[in-house]
Amino acid sequence: MFSNEEETFSIDEIDYFQMKTKGLLILFFSVLELACASPGFGPNGFLVTQTKIGIFGTGEKSQKFGKACVFSLLGLFAYGDGSIENAKRKANINIVEEINWETISLFGIYSSLCVEAGGK
């Protein structure tokens, strides 16, 4: 038994407290991982994600590139226009020859998904 002037704790009580604390920490981080900001596509790192994924391509070399993005904060707020039409308009593209997705996620706090359209 451990004791001090105020309270006395048995070994079983200390083990129970440590098990309960570990369980709560595991539950907290599991919920944090599921509810955090995530780009939603491709592989996701627990702390940091930065990927570029090719979605469509004709094999032709693109001359212009336009990018349109959507953003998320804490998985609670999401905003932006990540449409292909927006990406085409930004680069004045008439013929789309390739489409890529770029994702970034930082510590589950901030994430973005950008659509990159390339073409003529």
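Since we're looking at a predicted model, the values are computed, not measured.

Cut-offs and rules
Residues numbered from 1 in each chain as written. Predicted model: local features only at pLDDT ≥ 70, side-chain atom pairs only at ≥ 80, totals over all residues. Heavy atoms only, no water. pLDDT = per-residue confidence, 0-100. Helix = DSSP H or I, 4+ residues; strand = E, 2+ residues; numbered from the N terminus. Buried < 20%, exposed > 50% of the residue type's maximum accessible area, 1.4 Å probe, protein only. Pairing = 2+ DSSP bridges. Axes fitted to C-alpha atoms, helices over the stretch in contact; angles between N-to-C directions. Contact = heavy atoms within 4.5 Å.

Before going further, it helps to examine the confidence of the model for the protein. On average, residues of the protein score 82 in pLDDT, and 78% of them are at 70 or above. Strand β1 (residues 2-3) is the least confidently modelled element of the protein, averaging 51 in pLDDT, while helix α2 (residues 84-91) averages 95, the highest of any element.

Okay, unusual backbone geometry next. The phi angle at N92 is positive, at roughly 55 degrees, despite the residue not being glycine. Residue N92 is classed as exposed on the basis of its relative accessible area of 52%.

This part is about the sheet that holds strand β7 (residues 110-119). The strand order β3-β6-β7-β4-β5 describes an open sheet built from five strands, whose pairing is antiparallel. The sheet is open, and its two edges are formed by β3 (48-57) and β5 (77-80), each paired on a single side. Sheet twist, expressed as the average angle between the axes of neighbouring strands with direction ignored, equals 15 degrees. For strand β4 (residues 64-73) and β7, the ladder comprises 10 bridges, and the chain directions are antiparallel. By the bridge assignment for β7, C69 is matched with C114. Contacting β4, β6 (96-106) and β7, α2 runs over the sheet at an angle of about 135 degrees to β4.

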